[in-house]
Amino acid sequence: MPSSASTADHGGFALPGFDLDAFVARTLAEDLGDGGDVTSAAVIPAAARFTGVMAAREPMAVAGLAIAAAFFRALDPAVTIERPVRDGDRVAAGTPLLHLSGLARGMLTAERCALNTVQHLSGVATLTASYVDAIAGTGATLLDTRKTIPGLRVLEKYATRMGGADNHRMGLWDAAMIKDNHVAVAGGIGEAVARAARAGIARIIVEVDRIDQIEPALAAGATHLLLDNMDIATLRDAVTLVAGRVPTEASGGVRLDTIAAIAATGVTYVSVGRLTQSAPAVDIGLDFTAT
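Here we summarise the structure given alongside this text. These figures come from a predicted structure and were not determined experimentally.

Parameters at a glance
Throughout, a residue's number is its position along its own chain's written sequence, starting from 1. Per-residue local features are limited, in this predicted model, to residues with pLDDT of at least 70; the limit for side-chain atom pairs, both in listing and counting, is 80 or more; totals at the level of whole chains, interfaces and linings are taken over all residues. Note that the side-chain values use all heavy atoms of the structure and ignore hydrogens as well as water. In this analysis, rings of Phe, Tyr and Trp, with Trp reduced to its six-membered ring, are considered paired at centre separations within 6.5 Å, and the interplanar angle assigns stacked below 30 degrees, edge-to-face beyond 60, and tilted for intermediate values. Every helix listed is a DSSP run of H or I at least four residues long, and every strand listed is a run of E at least two residues long, numbered separately from the N terminus. The cut-offs for exposure are 20% and 50% of the maximum accessible area for each residue type, with area from a 1.4 Å probe on protein chains only; residues under the lower value are buried, those over the upper are exposed, and the others partly exposed. By this definition, two strands are paired if DSSP reports at least two bridges between them. For a crossover, the right-handed case is the one in which the path from the first strand over the helix to the second runs clockwise, viewed with the strands pointing away from the viewer. Angles run from 0 to 180 degrees between N-to-C directions of axes, and those axes are lines fitted to C-alpha atoms, restricted for helices to the stretch in contact. We call two residues in contact when some of their heavy atoms are within 4.5 Å. We define a salt bridge as a side-chain nitrogen of Lys or Arg found within 4 Å of a carboxyl oxygen belonging to Asp or Glu.

**Quick notes on the packing of aromatic side chains**
Two aromatic rings are characterised by how far apart their centres lie and by the angle between their planes. One pass over the full model with this rule turns up four aromatic pairs. Ring plane angle 25 degrees and centroid distance 5.4 Å describe the contact between phenylalanine 50 and phenylalanine 288, whose orientation is recorded as stacked. Here phenylalanine 50, found in strand 1 (residues 49–56), pairs with phenylalanine 288, found in strand 12 (residues 284–290); they are 238 residues apart in sequence, far enough to count as distant. The exposure class of phenylalanine 50 is buried, given its relative accessible area of 13%. By way of ring pairs, the aromatic residues Phe18, Phe23 and Phe71 are connected into one cluster.

**A look at the pairing of strand 9 (residues 224–228)**
The side chains of a regular strand alternate between the sheet's two faces. The element strand 9 is extensively covered by neighbouring structure, given that five of its five residues are classed as buried. As judged from the four bridges shared by strand 8 (residues 204–208) and strand 9, these two strands associate in the parallel manner. Bridging from a neighbouring strand, glutamate 207 pairs with leucine 226 of strand 9. One crossover worth recording links strand 8 to the parallel strand 9 by way of helix 8 (residues 214–220), and it is right-handed. Handedness of the crossover joining strand 9 and strand 10 (residues 248–251) through helix 9 (residues 232–242) is recorded here as right-handed.

**Let's talk about the sheet that holds strand 8**
Taken together, the six strands give an open sheet; going across it, the order is 6-11-10-9-8-7, and neighbouring strands pair in parallel fashion. Taken across any chain shown, the strands that pair with only one partner, and hence form the sheet edges, are strand 6 (141–143) and strand 7 (176–178). Taken pair by pair, the neighbouring strands of this sheet meet at an average axis angle of 25 degrees, ignoring direction. Lying on the sheet, helix 7 (residues 189–198) is in contact with strand 7 and strand 8; it crosses strand 8 at an angle near 170 degrees.

**Things to note about the pattern of salt bridges**
Tallying each qualifying case throughout the model produces nine salt bridges. Ionic pairing is found between aspartate 283 and arginine 57, a salt bridge with its closest N-O pair at 3.8 Å. Taken together, the residues span a long stretch of sequence, with aspartate 283 in the loop between helix 11 (274–277) and strand 12 and arginine 57 in the loop between strand 1 and strand 2 (60–61) at a distance of 226 residues. The structure contains a network of salt bridges with shared partners spanning Glu191, Arg195 and Arg198.

**Notes on the pairing of strand 5 (residues 96–103)**
Of the strand pairs in this sheet, strand 1 and strand 5 are connected by seven bridges, and their pairing is antiparallel. The residue bridging threonine 51 from the neighbouring strand is serine 101, located in strand 5. Of the strand pairs in this sheet, strand 3 (residues 80–82) and strand 5 are connected by three bridges, and their pairing is antiparallel. Note that in strand 5 the partner of glutamate 82 across the bridge is histidine 99.

Okay, structure coming up:
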């Protein structure tokens, strides 16, 4: 189990709403169970030491190195860790990400938790970077969404930032998001927006899927329009009608092969759920040598 002194020093890494110590302890506990790492305990002498290199096996945008380091420190507080690259860097295959030196048992026990985390977060960052590259020069900004793995939102949204996107809503609390079901219950888009405005909500995002919904939404107090599942021609018409009065966001079914044309319509933002919902893990290896 993690040492009580394990994760005191995180090298300045901190995220609002995320407890790194608790995450590391919970993740290791899931892997260790009640019996611990029986293989390492049986096979590896307690005093044995390893050096190791965590390296990219494919091109990627990096995210999560400080979290990986925290796993190793949890099981060997004296481990030596060097990070030749930083989160947010784009690296080629073969690039070392971490150099490690410490107790062999601790390294082997922490290996899978550390790799799982960095592979997933770097996968999110890498997919995000590909979308950012696709809209370069259009003036539009890429946004993530709330389509995150339960319990990992803060980390996954950190990873999208490392890939070059902006975070949109962190949760249900930081803005009103009026969608078709809200409109149906309220009796109309203008009434739904007006209710949010009367409640004193500063940010009122309104989903519209037809041009004729735009003016009623703006008149009632919308501060941001989400243009949902509109084709390219309709997006252009919507942007022209809004005329910069509020930010516009294209959303719905956006793919890597379609995002450039969507961004070129003049929208302020393009949001993509698959950045966090469907990003594949990247290939990262960790090789150890006995010392």
